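The residues making up each chain are set out below.
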Amino acid sequence: MLIDSHVHLNDEQLFTKIEDLIEKAKKVDVVAFLVVGYDIDSSKLAIELANMYDSIYAAIGIHPSEASYYRQEDIDWLEKKLSHPKVKAIGEIGLDYHWDKSFMDKQKDLFIKQIKLANKHKMPISVHMRDATQDTYEILKEYKDESLRGVMHCYSGSTEFMQKFLDLNMYISLAGPVTFKNAKTPKEVAKIVPLDKLLVETDAPYLSPVPYRGKQNQPRNVEFIAKEIAKIKDISFKELSDYTYKNTVALFDLNELLKEAK
Ligand code: NI
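Note that this is a predicted model, so its numbers are computed, not measured.

*Asks:* Explain helix α5 (residues 104–121) here, please?
*Replies:* Because each turn of an α-helix spans 3.6 residues, side chains separated by three or four positions end up pointing in the same direction. The end-to-end C-alpha distance of α5, which contains 18 residues, comes to 26 Å, matching closely the 26 Å that a straight helix rising 1.5 Å per residue would cover. On the buried face of α5, the contacting elements are α4 (72–81), β4 (87–96), β5 (125–130) and α6 (133–143). In the segment just after α5, Lys 122 is the residue with positive phi, at about 55°.

Right, dumping it as structure tokens:
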């Protein structure tokens, strides 16, 4: 069994055909989905979907690309919703210097505010990091408390930084890029990441893995990602699936799901 630990079924490209996508995923034993918000509207929709489908859980949060628009009342809204039983993480939050470096300070502020929320409510975090490894690491190191845990979603950093994030209680999640022929670093990370620290995800509708690279992604494709990592690690697909399933359940406290599956 697999869980897609980061997927945007709340994105309008996927939302309109959600029943079909869940059905297709279940056929290849992808049994649950963490639907991740990136602003208030998408977080609201993530919660609505979690209310509608047993197999869906929600992460709510504000993405760094929204850093110049958010208001304090948005943070207050997030805090209120953290007590919803199917809200399992704060995310996606983090730093993204890829498109625009002009709002770095605002991005850092927003990231820190949401880390503090996670500390206060003992919620795991789902971290988006793009072209911002050093700053992301330093902020996590400084602001997360000792018990806070989370995941580096679609991890694209080096193996050296991987170890540093592991030391901060973070899991490493790999997505479509690990299947790309020329993706040297994600493959190196896949090789050495400890099995008990690894998650898998699609980040659909983005980042389709081989053999669907360039096409719209969907949660059933997490199978291709898991198979590629199993090949790189030279272990069976079953072993890889068992580990990532257990890790995802542990990190996001999806115990009821595990019981149901037994
Ligand atoms: Ni995402």
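Picking up where we left off.
*Asks:* Is there a simple way to explain the coordination of the nickel ion in this structure?
*Replies:* The textbook angles at a metal center are 109.5 degrees for a tetrahedron of four donors and 90 or 180 degrees for an octahedron of six. Here the nickel ion is held by the protein donor atoms His 6 (NE2), His 8 (NE2), Glu 92 (OE) and Asp 203 (OD), which lie 2.2 to 2.3 Å from it. Along the chain, the residues that donate to the nickel ion are spaced as H-x1-H-x83-E-x110-D. In this pair, His 6 is assigned in strand β1 (residues 2–7) and Glu 92 in strand β4, connecting sequence segments 86 residues apart.

*Asks:* Would you mind going over helix α9 (residues 222–233) with me for this structure?
*Replies:* The terminal C-alpha atoms of α9 lie 17 Å apart, and with 12 residues this matches the ideal 16 Å at 1.5 Å per residue to within 8%. Burial analysis of α9 places nine of its 12 residues in the buried class, which makes it a mostly covered element. Taken residue by residue, α9 has Val 222, Glu 223, Ile 225, Ala 226, Glu 228, Ile 229, Ala 230, Ile 232 and Lys 233 as its buried positions. Looking at the buried residues of α9, the elements they touch are β1, β2 (30–36), β7 (170–174), α8 (184–192), β8 (198–200) and α10 (237–252). Downstream of α9 by one or two residues, Asp 234 has phi in the positive range, about 60°.

*Asks:* Quick question: what am I supposed to make of unusual backbone geometry here?
*Replies:* One can expect most non-glycine residues to show negative phi and most peptide bonds to be in trans. In this chain, Gly 91 is followed by Glu 92 through a cis amide linkage whose omega measures 5°. With omega at 10°, the peptide bond leading from Val 210 into Pro 211 counts as cis. Its place among the elements puts Pro 211 in the loop between β8 and α9. Unusually for a residue other than glycine, Lys 122 sits at a positive phi of about 55°. Checked against the element boundaries, Lys 122 lands in the loop between α5 and β5. With relative accessibility at 58%, the residue Lys 122 sits in the exposed group. For Cys 154, which is not a glycine, the phi torsion comes out positive at approximately 45°. Along the polypeptide, Cys 154 turns up in the loop between β6 (150–152) and α7 (159–167).

Here is what the cut-offs are and how they apply
- Residues numbered from 1 in each chain as written.
- Predicted model: local features only at pLDDT ≥ 70, side-chain atom pairs only at ≥ 80, totals over all residues.
- Heavy atoms only, no water.
- Helix = DSSP H or I, 4+ residues; strand = E, 2+ residues; numbered from the N terminus.
- Expected span 1.5 Å × (residues − 1).
- Contact = heavy atoms within 4.5 Å.
- Donors = N, O, S within 2.8 Å, 3.2 Å for Na, K, Ca; no water.
- Buried < 20%, exposed > 50% of the residue type's maximum accessible area, 1.4 Å probe, protein only.

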